[in-house]
Amino acid sequence: MEDKPVIIFAKATLERDYFRHLIVETGKSAICFEKEEICFDNLYSLKPKIIIARIDSITIAWRFVLALYVLKSDARLLIVSNYLNRESFTDKRLSKSVTFIKLTYEKENFLSKLEQLYLEQRAANSSKHHDILIGEASRIKKINAMIPCLKKSSDPVLISGEKGTGKERLARIIAGSVENDSIFVRIDCNAHGREKILDRLATEFDRIKDNPLAKRTAGTCPKPVIILLNNVNQLNETGQAEILTLLDGGSISLDQKKKENEKAFRIISTTEVDLSVLAKHDGFRKDLFYRLNVIPIYLTPLRQRKGDIRLLIDYFLINSTIEKGLSFESPSEATIEKMFCYNWPGNIHELEKLIDQYAIQRDEDIINEHLGSIQMDDRKCDYLYEMFNQDVEISTLEIHNHLTTLGKISLKSICDQFAGFTEKRIMRRALENTNWNRKKAAALLNISYKSMLNKMKMYEIV
């Protein structure tokens, strides 16, 4: 089988020609792109195994990572940059296929790195693509870290959060219905009046038992049935009693008339209100609450994780363009800044629908009309603080390493060390979010341009 061409993305003609010349020397073919939009438009059809991207912008780098994630591609991405490195991507699960190399014209170094990527790509298991929540907010990263354990567990999970925060998506990620060959049954608790919940489950099983997935899971297969109780807080008293009975039984049958087809099951519930408060005031059975709340997960509203907005915009935009065969075109910086300052009452769902409309019509007036009149005089919107918040969290391992290197242990020396450590992180984040424009980064941090240059030199930020 003929090897797929290597994709080369670089805005400078000299750099594109240089990388293409090296690729051709290895006996491989290469396709070069100067414009980001055209490159993304062709990723789906070309299905490359290796992508070489000469970029210094963290925003564009994330777009490449997200594009590979949406395509479920096992391609390797080589980012050539003097500014970006592994620390630029705090989400290691999403960027594990990314390799960095300094911009250098040393032929041997580049070819060695390229050969390493080919070996990694051939060894990659293309069938293993783990879905995660998109975002770099601290709570989102903690949930993503939990997902592998959540998939293996059979304990009930209770996902709470406002409407539109992605509770059902998280439930489906945990269930992993395709990867684990399990059966996923979604029950809308607010849609059931007098209808018994167990009758509803039997109806759902009747719908799916004839499809190939259900046949594979019949009989002795140990894979569970995943039951999603959507809006479990709206379950009536009868439904609550039935779920308790189901939990006490420990198994459920795909065919209500054949006990030999009984299977283990797992319940994942979602709620838009605090179920503990309902249980405390007798609005929900306490015994059922404790049975469902074994693994509680809270999804924060989008207004409390505004640092993720740009990442989510790019993710939804790339997803829509690939799914619908459209051309990629990002909104202007001015429009994106307005989106940062909007409060998003409909959360991620609202943002996704808006980006989907924009992707189809490619008209920024759609976004601006939706956002309405937003006061933009104050450039230091709340999103700036959210953007930097994730970078001031320091792990216990980092604390241990720094204390080891301090020599003398005193409160002042510890505080000075971590103040500098935090300042360096925040400065790097400001530079990354301004595409390494030092004047803009200085304005963002409300310091003089001279101070910016001095601090960059002091912290060796290059």
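The model shown is predicted, which means the values in this text are computed figures rather than measured ones.

Chemist: Just checking my understanding: could you explain the environment of Val-80 for this structure?
Modeler: Its place among the elements puts Val-80 in strand β4 (residues 76-80). The spacing of Val-80 and Ile-101 is 21 residues in sequence and 5.1 Å in space, taken between C-alpha atoms. Here Val-80 is in contact with Phe-19, Ile-52, Ala-53, Arg-54, Ile-55, Ile-101, Lys-102 and Leu-103, once residues within four sequence places are set aside.

Chemist: What's the story with the sheet that holds strand β11 (residues 265-271) in this structure? I'm lost.
Modeler: Strand pairing in a sheet relies on backbone hydrogen bonds. The paired strands run either parallel or antiparallel. Strand order in the open sheet formed by 5 strands is β7-β8-β11-β6-β12, with parallel pairing between adjacent strands. At either margin of the open sheet sits one strand with a lone partner, and together these are β7 (183-188) and β12 (295-298). Neighbour to neighbour, the strand axes of the sheet diverge by 20° on average, direction disregarded. Across 5 bridges, strand β8 (residues 225-230) lies against β11 in parallel orientation. Within β11, the residue paired with Leu-229 across the bridge is Ser-269. Sheet strands in contact with helix α5 (residues 138-152) are β11 and β12, and its direction is about 150° off that of β12.

Chemist: Just to check I follow, could you spell out the pattern of salt bridges for this structure?
Modeler: Where charged atoms from two side chains of opposite charge come close, those side chains can pair. For the structure shown, the criterion picks out 20 salt bridges. For the salt bridge of Lys-49 with Asp-74, the shortest nitrogen-to-oxygen distance reads 3.6 Å. Pair noted here: Lys-49 is in the loop between α2 (36-46) and β3 (50-54) and Asp-74 is in the loop between α3 (58-70) and β4, with a separation of 25 residues, a long-range link. Judged by relative accessible area, Asp-74 falls into the buried class, the value being 12%.

Chemist: Hey, could you run me through the sheet that holds strand β5 (residues 98-101) in this one?
Modeler: Strands sit in the order β2-β1-β3-β4-β5 across an open sheet of 5 strands; the sheet is parallel. The sheet is open, and its two edges are formed by β2 (30-33) and β5, each paired on a single side. Strand-to-strand twist across the sheet, computed as the mean angle between neighbouring axes with direction ignored, equals 20°. As paired elements, strand β1 (residues 6-9) and β3 share 3 bridges and run parallel to each other. When the sheet's bridge partners are listed, Ile-7 is paired in β3 with Ile-51. Of the strands in this sheet, β1, β3, β4 and β5 touch helix α4 (residues 107-123), which is tilted by about 175° from β5.

Parameters and conventions
Residues numbered from 1 in each chain as written. Predicted model: local features only at pLDDT ≥ 70, side-chain atom pairs only at ≥ 80, totals over all residues. Heavy atoms only, no water. Helix = DSSP H or I, 4+ residues; strand = E, 2+ residues; numbered from the N terminus. Contact = heavy atoms within 4.5 Å. Pairing = 2+ DSSP bridges. Axes fitted to C-alpha atoms, helices over the stretch in contact; angles between N-to-C directions. Salt bridge = Lys/Arg side-chain N within 4 Å of Asp/Glu carboxyl O. Buried < 20%, exposed > 50% of the residue type's maximum accessible area, 1.4 Å probe, protein only.

Geometric descriptors of this kind do not, in isolation, establish any biological role.
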